[in-house]
Amino acid sequence: MERDIRDLFSKDDVFEKEIPKNHREDFIEKLGKQQPKKYKKRSYKYLKIVASVLLIISCVFFYKNTIALPEKSAVEIQMQAIEKDYLINIDKEWSSFKEIAKDTILIKKYEEKLKEYDADYQKITKHLKEYPNNINVLQSLIDNLQRRLQLIKDIKEHIKELNQKNTSNETIYI
Amino acid sequence: MKPYIFSILFLLSVTISFSQSKEVVLDTVYKTAENTTLNLDLTNVGVVFEESPDDNIYFNYEIIFSRYSKGRRENVVNQSKIKMLQEKNLINLEMKNSSFLGFDYRFIFDEDTNSISWLTKNLKNETKNLLIKQKTKEQILQEIELSQENILNNYQKRNYIEYLKKKSFKLKKQIIQKFVIKVPKHVKIRLKATECNITINHKLTTSFVMNSFKGVFKFNQISGLNSRIIASKGIFEANNLQNTRLEFLDMYQVKIGDLFNTNVVSETSKIEIGEIGENVEIKDFSSKLYLYNFHKNFTKFELTGDYTELNLYKVRNTNFSMDVSGFNTALNMDGKKTSFGASTEKELTKILHKKRKESSPFLGNIDVILKNGILNIK
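Position labels on residues start from 1 in each chain and follow its written sequence. To label them, take the chains in the order written and letter them from A, then take the ligands in the order written and number them from 1. It should be noted that, the model being predicted, local features are given only for residues of pLDDT at least 70 and side-chain atom pairs only at 80 or more, the latter also being counted only at that level, while totals for whole chains, interfaces and linings use all residues.

## A word on the overall build of chain B
From N to C terminus, chain B includes six helices and 27 strands. By the convention adopted here, residues make contact when the C-beta atoms placed from their backbones lie within 7 Å. Long-range pairs, those at least 24 residues apart, make up 54% of the contacts in chain B between residues at least 6 apart in sequence. In this text, helices come from DSSP runs of H or I with a minimum length of four residues, and strands from runs of E with a minimum of two, each type numbered from the N-terminal end.

## Some thoughts on the overall build of chain A
Along the backbone of chain A there are six helices and two strands. Each residue is classified by how many other C-beta atoms fall within 10 Å of its C-beta atom, where C-beta atoms are placed from the backbone; a count of 20 or more means buried, 12 or fewer means exposed, and values in between mean partly exposed. Every one of the 174 residues in chain A was classed for burial, and the buried ones make up 13%. Considering only intrachain contacts with a sequence separation of at least 6, the fraction spanning at least 24 residues in chain A is 73%.

## Details of the packing of helix H4 (residues 74-100) of chain A against helix H6 (residues 135-162) of chain A
Residues and elements named next belong to chain A. In this analysis, axes come from line fits to C-alpha atoms, helices being fitted only over the stretch in contact, and the angle between any two N-to-C directions falls in the range 0 to 180 degrees. In contact at an axis separation of 9 Å, H4 and H6 are set at 20° when each is read in the N-to-C sense. With respect to their mutual orientation, H4 and H6 come out roughly parallel. For the pair H4 and H6, the sense of crossing is left-handed. On the side of H4, the interface is formed by Met79, Ile82, Glu83, Tyr86, Asn89, Ile90, Glu93, Trp94, Ser96, Phe97 and Ile100, while H6 contributes Leu141, Ile142, Leu145, Arg148, Leu149, Ile152, Lys153, Ile155, Lys156, Ile159 and Lys160. Here the term charged refers only to Asp, Glu, Lys and Arg, the term nonpolar to Ala, Val, Leu, Ile, Met, Phe, Trp, Tyr, Cys and Pro, and the term polar to all other amino acids, Gly among them. Within the contact of H4 with H6, the residues separate by chemical class into 14 nonpolar, two polar and six charged. Note on terminology: angles under 35 degrees are roughly parallel, angles over 145 are roughly antiparallel, angles of 65 to 115 are roughly perpendicular, and the others are oblique. Crossing handedness follows the turn of the near helix against the far one: under a right angle anticlockwise gives a left-handed crossing, and clockwise gives a right-handed one.

## Things to note about the nonpolar core
Only buried residues count toward a nonpolar core: Ala, Val, Leu, Ile, Met, Phe, Trp, Tyr and Cys, linked into one set through C-beta atoms within 7 Å. Among the nonpolar cores identified, the biggest contains 73 residues, and Val47, Ile189, Phe236 and Ile276 of chain B are the most heavily contacted of them. Ignoring anything within four residues of it in the chain, the contact list for phenylalanine 236 of chain B reads Phe217, Ala231, Phe248, Met251 and Val254 of chain B.

## With respect to the domain arrangement of chain A
All domain edges in this entry derive from an automatic or database-based domain assignment. Entries for chain A in the domain assignment read domain 1 (42-71) and domain 2 (72-162). One C-alpha centre belongs to domain 1 of chain A, the other to domain 2 of chain A; they are set 44 Å apart.

## Some thoughts on unusual backbone geometry
Residue and element names in this part refer to chain B. One non-glycine residue with positive phi stands out, namely lysine 233, at about 50°. Within the element layout of this structure, lysine 233 appears in the loop between strand S12 (227-232) and strand S13 (235-242). Despite not being glycine, lysine 314 shows a phi value in the positive range, around 45°. Inspection of the secondary structure puts lysine 314 in the loop between strand S21 (309-312) and strand S22 (321-327).

## Observations concerning the environment of phenylalanine 61 of chain A
Structurally, phenylalanine 61 of chain A can be placed in helix H3 (residues 45-68). Taking the C-alpha atoms as reference, phenylalanine 61 of chain A lies 23 Å from glutamate 76 of chain A; in sequence the two are 15 residues apart.

## Here's the deal with the pairing of strand S10 (residues 208-213) of chain B
Residue and element names in this part refer to chain B. Going residue by residue along S10, you find Phe208, Met210 and Ser212 tucked away on one face and Val209, Asn211 and Phe213 left uncovered on the opposite face. Judged from the six bridges that link them, strand S8 (residues 188-194) and S10 form a sheet pairing that is parallel. Residue lysine 192 lies in a different strand from S10, and its bridge partner there is asparagine 211. Here, any two strands with at least 2 DSSP bridges between them count as paired. Two elements, S10 and S12, share five bridges in a ladder whose sense is parallel.

## What about the environment of lysine 296 of chain B?
With respect to the helices and strands, the residue lysine 296 of chain B is situated in the loop between strand S19 (288-291) and strand S20 (299-306). Along the chain, lysine 296 of chain B and glutamate 278 of chain B lie 18 residues apart, while their C-alpha atoms are 9.2 Å from each other.

## Considering the pairing of strand S6 (residues 90-96) of chain B
Residues and elements named next belong to chain B. Residues Ile91, Leu93 and Met95 point to one face of S6 and are all buried, whereas Leu90, Asn92, Glu94 and Lys96, pointing to the other face, are not buried. Across seven bridges, the pairing between strand S5 (residues 81-87) and S6 is antiparallel. Residue pairing across strands places glutamine 86 opposite isoleucine 91, the latter belonging to S6. Where S5 hands over to S6, the hairpin turn is made up of two residues, of which lysine 88 adopts a positive phi near 50°.

## A closer look at the confidence of the model for chain B
Residues and elements named next belong to chain B. In predicted models, pLDDT denotes the confidence assigned by the predictor to each residue on a 0 to 100 scale. For chain B, per-residue confidence averages 83 on the pLDDT scale, and 79% of positions sit at 70 or higher. Here residues 103-130 scores under 50 on pLDDT; set against residues more than four positions off or in separate chains, the count is 61 contacts. Note that pLDDT drops below 50 for residues 149-156; the model gives that stretch twelve contacts with residues more than four away or on any other chain. Overall fold confidence for the complex sits at a pTM of 0.78, while the interface term, ipTM, reaches 0.80.

## Notes on the packing of helix H5 (residues 104-130) of chain A against H6 of chain A
All names here are of chain A. Between H5 and H6, whose axes approach to 9 Å, the crossing angle comes to 170°. Between H5 and H6, the angle is such that the two are roughly antiparallel. Remark: the crossing between H5 and H6 carries left-handed chirality. Along the contact surface, H5 presents Tyr110, Lys113, Leu114, Tyr117, Asp120, Tyr121, Ile124, His127 and Leu128, while H6 presents Val137, Ser140, Leu141, Asn144, Arg147, Arg148, Leu151 and Ile155. Among the residues making up the contact of H5 with H6, the classes are represented as ten nonpolar, three polar and four charged.

## Here's the deal with the environment of serine 286 of chain B
On the secondary structure map, serine 286 of chain B appears in the loop between strand S18 (280-285) and S19. With 34 residues separating them in the primary sequence, serine 286 of chain B and tyrosine 252 of chain B have C-alpha atoms 13 Å apart. In this structure, serine 286 of chain B is in contact with Ile155 of chain A together with Glu267, Thr268, Tyr307 and Thr308 of chain B, ignoring residues within four places of it in sequence.

## As for the confidence of the model for chain A
Reading predicted coordinates in detail is not appropriate for stretches of low pLDDT. In this model, chain A carries an average pLDDT of 82, and 82% of its residues clear a pLDDT of 70 or more. Confidence scores differ between elements of chain A, with helix H1 (residues 5-10) of chain A showing the lowest mean pLDDT of 63 and H5 of chain A the highest of 92.

Now the structure itself:
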């Protein structure tokens, strides 16, 4: 039963129906309604930049705290505090000594002595780096600071006593 | 048992190798002649000199280690650099220890300290000037005798030893150094010492020459002709000194029992003398001098001082004559403070004159010149 397929369409009345005038517009409208909604794409560009900056900052912070600066030992921290304390006191005493001393030769002589003590201190500090917890080196360092301070205190007291007001020019006989 | 035998052996070997052991660094004997000189150049060394039982010089230096591994012990021992040489009548010893060992041969320390609070405990007391009362010569001698103990047990080390006691015993590392040199009496000693702890127990009757920087020095007697001592930034103690020229620079402590026929040049030092004997002269800059007593026949004592603090005791009751002159000098006597000769021309004015007493034996004359000085008469 052979059939020509074109015969099927010749009898169909589908095309006989009139198409409404605004068919095209209705179609486009319907088509538009049927389209899946388009969501706007979010931009992660700035978030990426912020994350990178945060990562860099935290890396630098971690590096500084753990790798770049090795932790100081308890002895080193204490030694630094002692040194700071002494040097402040030495400076104070030296300034007040210079205020009351009139003899420039005396000031110069003591200045030289302090320089000598300082040079010795630098030498001992090198030993401390070599042997950080060594009793002999630590003792030498603290002795040096103590001697410096005592040296200035002593001469300052001496000058104070010389500057007292009760003066006499008469020989005492005993 | 058999499977564990190697483990037990291993543990035993570890225990033995880490327990106490002695390393002999130097053990040598040298023969001497009549005019032998011992020339020593020491750095960071603690040494005790004793009189030799014969004509030989004996050197014996050993280090006792507690709980140090063999490698570590060898490392410490190898740090000592020693050169010995004999040229005719001259015996040379050059020795340099690292500052790791320090100079105090009797002091015990460990290297795993993690606190230095004990170092700073009594700083305030140490820096405070104490009023020093008169001492007899015997008191000074006793102080010198006990001073080794004092030096060892000074505030830092005393606290350190307390710290060690508190520490767990099991892991304590220790190093004790013992260095003894036995020298015959006729041998002359020339000593150059940097940061050393030197004790000479026997009497030095031949010429003795010493040049030192820092350190602690303790002598029984130095009486050889032309003896000379130059010491700076250290501690010096001697029971008796005669025929010596002394130079003290920035010395923290000088204690001398008695002093005869000696010239002293000093600068910024603290010097205590139990008794001044015959022919003593002192030239000083900015030191604190405590002259406690004068020998019954001291004859003559001269002192010239610039910025010197001179402390004299029982001046009224002792029969010597005294003249004090100077300028810009303060006199503290009988509870009164008076300044003398505050002239800008720096002319010497007579400050004090003490006459001799005819009734009791006369000791001698004291002649003092003080510029910018303080004279405390107690």
